[in-house]
Amino acid sequence: GVATTNGPKFEIDGKPFAFVGANSYWLPLLTTTDDVDATFKEMQEAGVKVVRTWGFNAINATELAGAKSSGLTYYQVWDGPDWTLNDGPQGLQRLDYVINTAGKYGIKIILAFTNNWVGYGGAELYINWIAGSGSTHDVFYTNKKIISSFQRYVNVIVNRYKASPNIFAWELVNEARCLGDLPSGPACVPGTNLLNTWYKQQSNFVRSLDPHHMITTGGEGHFFWKHPVAFWFNHTLVSDYNFNGQAGEDFDLDLTLPNIDFGTYVTNFTTLAIPHSPDFPGSNFTVESWGLGWIDDHVRSAARAQKPLILEEFGLGGLENKSSIYPAWVNRALETEHAIMPWQFGATGLKESGGNRLIKYADALINGASPNDGLAIYSNQTVWDIFTNAAKIQNARSG
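Let me begin by describing the structure that accompanies this report.

Thresholds, definitions, all that
Residues numbered from 1 in each chain as written. Predicted model: local features only at pLDDT ≥ 70, side-chain atom pairs only at ≥ 80, totals over all residues. Heavy atoms only, no water. Helix = DSSP H or I, 4+ residues; strand = E, 2+ residues; numbered from the N terminus. Rg over C-alpha atoms; globule rule 2.2 N^0.38 Å. Buried < 20%, exposed > 50% of the residue type's maximum accessible area, 1.4 Å probe, protein only. Contact = heavy atoms within 4.5 Å. Areas by Shrake-Rupley, 256 points an atom, 1.4 Å probe, with all protein chains shown as cover. Lys, Arg positive; Asp, Glu negative; His and termini not counted. Charge placed at Lys NZ, Arg CZ, Asp CG, Glu CD. Pairing = 2+ DSSP bridges. Salt bridge = Lys/Arg side-chain N within 4 Å of Asp/Glu carboxyl O. Disulfide = S-S within 2.5 Å. Core = buried A, V, L, I, M, F, W, Y, C linked by side-chain atoms within 4.5 Å. Phe/Tyr/Trp six-rings, centres within 6.5 Å; stacked < 30°, edge-to-face > 60°. Expected span 1.5 Å × (residues − 1). Bend = angle between axes of the 7 residues up to and from the residue.

Now for the overall build of the chain. In terms of helices and strands, the chain carries ten helices and 18 strands. Computed over its C-alpha atoms, the radius of gyration of the chain comes to 20 Å, within 12% of the 21 Å expected for a compact globule of 399 residues. Taken along its principal axes, the extent of the C-alpha atoms in the chain is 50 × 50 × 45 Å. Taken across its 399 residues, the chain has 59% of its residues classed as buried. Of the contacts made within the chain by residues no fewer than 6 positions apart, 73% connect residues no fewer than 24 positions apart. Roughly 15400 Å² of accessible area belongs to the chain as shown, and the carbon and sulfur atoms make up 54% of that amount. In the chain, the 28 positive side-chain charges and the 38 negative ones have mean positions that sit 6 Å from each other.

So this is what it looks like as structure tokens:
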């Protein structure tokens, strides 16, 4: 059945649905169906019920020859102020297989429409080709031609998959901010509500295409508080951009939008010191305590909105940090009964190209292992059990 909400809980067919999920942006980038199936099987064995992946992969026309020769998955080709769709065997047919196969393994998909960042052809390809050089990142949310082009792509994706019960939710954008790899402009500053307006417009648009599947922002969960949190950093008291509106979101307000069905938030620290002491020079906090507070802040906000919540990305650098801090964060999420999706799932035993293939950027399969940005969690790591045990708890709570 189709996943829905009932107040602060997820449901499927009227029964509670609690889960541990996984992030796997690279899943549609695999070139063989055998490896897709093998990945889903490994996820199923780990107790994963929901997978978040990219519903976008765009390239410039100058990259086309290289993409074809390397086997890179791509859905859009930009060569001017418009894009061409690739719905062939190296394009959306690969995403088709991911979506259609997920249900075989009891898994549903969160599908993101674009990326705030340049990786795999996100918002800034729209900006570069339509608004032109010298534009700031936030024109993505206001330029009428960009919005029209984005909606044309969203229309393609939603209509292609809206009949599938394997879709868990549509995600408007991965990690929307005022800035991306390009800087922000004066139209997107605290109090302008630019992202909130865009979230409202685009969630209404998606709802007009699909009245059944859930919709979420895909945001990092930044707040805009009247009295934002401040902290000591390098012996200086600074205002935390996670709370002062600088990033562009207003999590409390965004979650009240009628066509935003649940909240998402993120916490990633890739470079840390010792987990139980101040983690940055001259600071007055630890990453563990900051993360626990961050979880609690979102739990309170979701409770006020009476909507479900997903800790949609979280990751830590260093085995000691992972072993110490992951259990604390996961347990707090379990105690507060919301969904957990660590960044990112690590698959092993992949066989395409002999298990070794450069995908794009520094993303590669190495000795049969899926891409690892330092945050991938593989079955042969000691922290694996943290998440498989959490999955057992969540699955026991489900109908």
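Picture the strands of a sheet paired through backbone hydrogen bonds; they go either parallel or antiparallel. Sheet architecture is open: three strands sit in the order 1-2-3, paired in antiparallel fashion. Edge positions in the sheet fall to strand 1 (3-6) and strand 3 (15-16), since each of these pairs with one other strand and no more. Of the strand pairs in this sheet, strand 2 (residues 9-12) and strand 3 are connected by two bridges, and their pairing is antiparallel. When the sheet's bridge partners are listed, glutamate 11 is paired in strand 3 with proline 16.

For the rest of this paragraph, the subject is the pattern of salt bridges. Taken as a whole and assessed by the stated rule, the structure comprises 16 salt bridges. A salt bridge links arginine 52 to glutamate 171; the nearest nitrogen and oxygen atoms lie 2.8 Å apart. Remark: glutamate 171 occurs in strand 10 (residues 167-171) and arginine 52 occurs in strand 5 (residues 50-54); sequence separation between them is 119 residues. When the shortest N-O distance is used, the salt bridge between arginine 52 and glutamate 312 registers 3.2 Å. Taken as a pair, arginine 52 in strand 5 and glutamate 312 in strand 15 (residues 309-316) lie far apart in primary sequence, 260 residues in all. Here arginine 52 matches glutamate 312 in class, with each residue buried. Salt bridges linked by common partners bring Arg52, Glu171, Glu312 and Glu313 together as one network.

The next point concerns the state of the cysteines. Inspection of the entire model under this criterion finds one disulfide. Two residues share a disulfide in this structure: cysteine 178 and cysteine 188, whose sulfurs sit 2.0 Å from each other. The S-S bond linking cysteine 178 to cysteine 188 shows a torsion near -70°; that makes this disulfide left-handed. Of this pair, cysteine 178 sits in the loop between strand 10 and helix 6 (194-209) while cysteine 188 sits in the loop between strand 10 and helix 6, and the two are ten residues apart along the sequence. Considered together, cysteine 178 and cysteine 188 belong to a single accessibility category, that of buried residues.

All right, on to the nonpolar core then. One finds Phe40, Leu111, Phe113, Phe140, Tyr161, Trp170 and Trp198 to be the most contacted residues of the largest nonpolar core, which totals 107 residues. By residue number, the principal contributor to this core is helix 5 (residues 144-161), which donates eight residues. When near neighbours in sequence (up to four residues on either side) are disregarded, tryptophan 170 contacts Leu111, Phe113, Ile157, Val158, Tyr161, Lys162, Val206, Asp210, His213, Met214, Ile215 and Thr216. One finds Ile12, Ile110, Phe262 and Ala339 within the second-largest nonpolar core, a separate group that totals 14 residues.

On to the packing of aromatic side chains. The tally for this structure, following the rule as stated, stands at 37 aromatic pairs. Through a chain of ring-to-ring contacts, three or more aromatic side chains come together here, namely Trp78, Tyr126, Phe140, Tyr141, Phe150, Trp198 and Tyr199.

What follows deals with unusual backbone geometry. Glutamine 344 follows tryptophan 343 through a cis peptide bond whose omega is -5°. Take glutamine 344: it is sitting in the loop between strand 16 (339-340) and strand 17 (357-360). Here glutamine 306, not a glycine, exhibits a phi torsion of approximately 55°, which is positive. Summarising the element assignment, glutamine 306 is placed in the loop between helix 8 (287-305) and strand 15. Look at glutamine 306 and you get partly exposed, because its relative accessible area is 45%.

Quick look at the pairing of strand 13 (residues 236-239) now. Of the strand pairs in this sheet, strand 12 (residues 230-233) and strand 13 are connected by four bridges, and their pairing is antiparallel. In the sheet register, alanine 230 faces strand 13, and the bridge partner there is serine 239.

Attention shifts here to helix 9 (residues 319-335). Taking 1.5 Å as the rise per residue, helix 9 with 17 residues should run 24 Å; its terminal C-alpha atoms sit 24 Å apart, in good agreement. Considering bend angle alone, the principal kink of helix 9 is centred on isoleucine 325 and spans about 30°; proline proline 327 follows within four residues of it. Every buried residue of helix 9 is accounted for by Asn321, Lys322, Ile325, Tyr326, Ala328, Trp329, Val330, Ala333 and Leu334. Once helix 9 ends, the next one or two residues include glutamate 337, with phi positive near 55°.

Take the pairing of strand 2 next. Bridge count for strand 1 against strand 2 is four bridges, and the pairing is antiparallel. Following the sheet pairing, alanine 3 is matched in strand 2 by isoleucine 12. Where strand 1 folds back onto strand 2 in an antiparallel hairpin, the turn is made up of two residues, including glycine 7, whose phi is positive at roughly 60°. Where strand 2 folds back on strand 3, the antiparallel hairpin that results is connected by two residues, among which aspartate 13 adopts a positive phi of roughly 55°.

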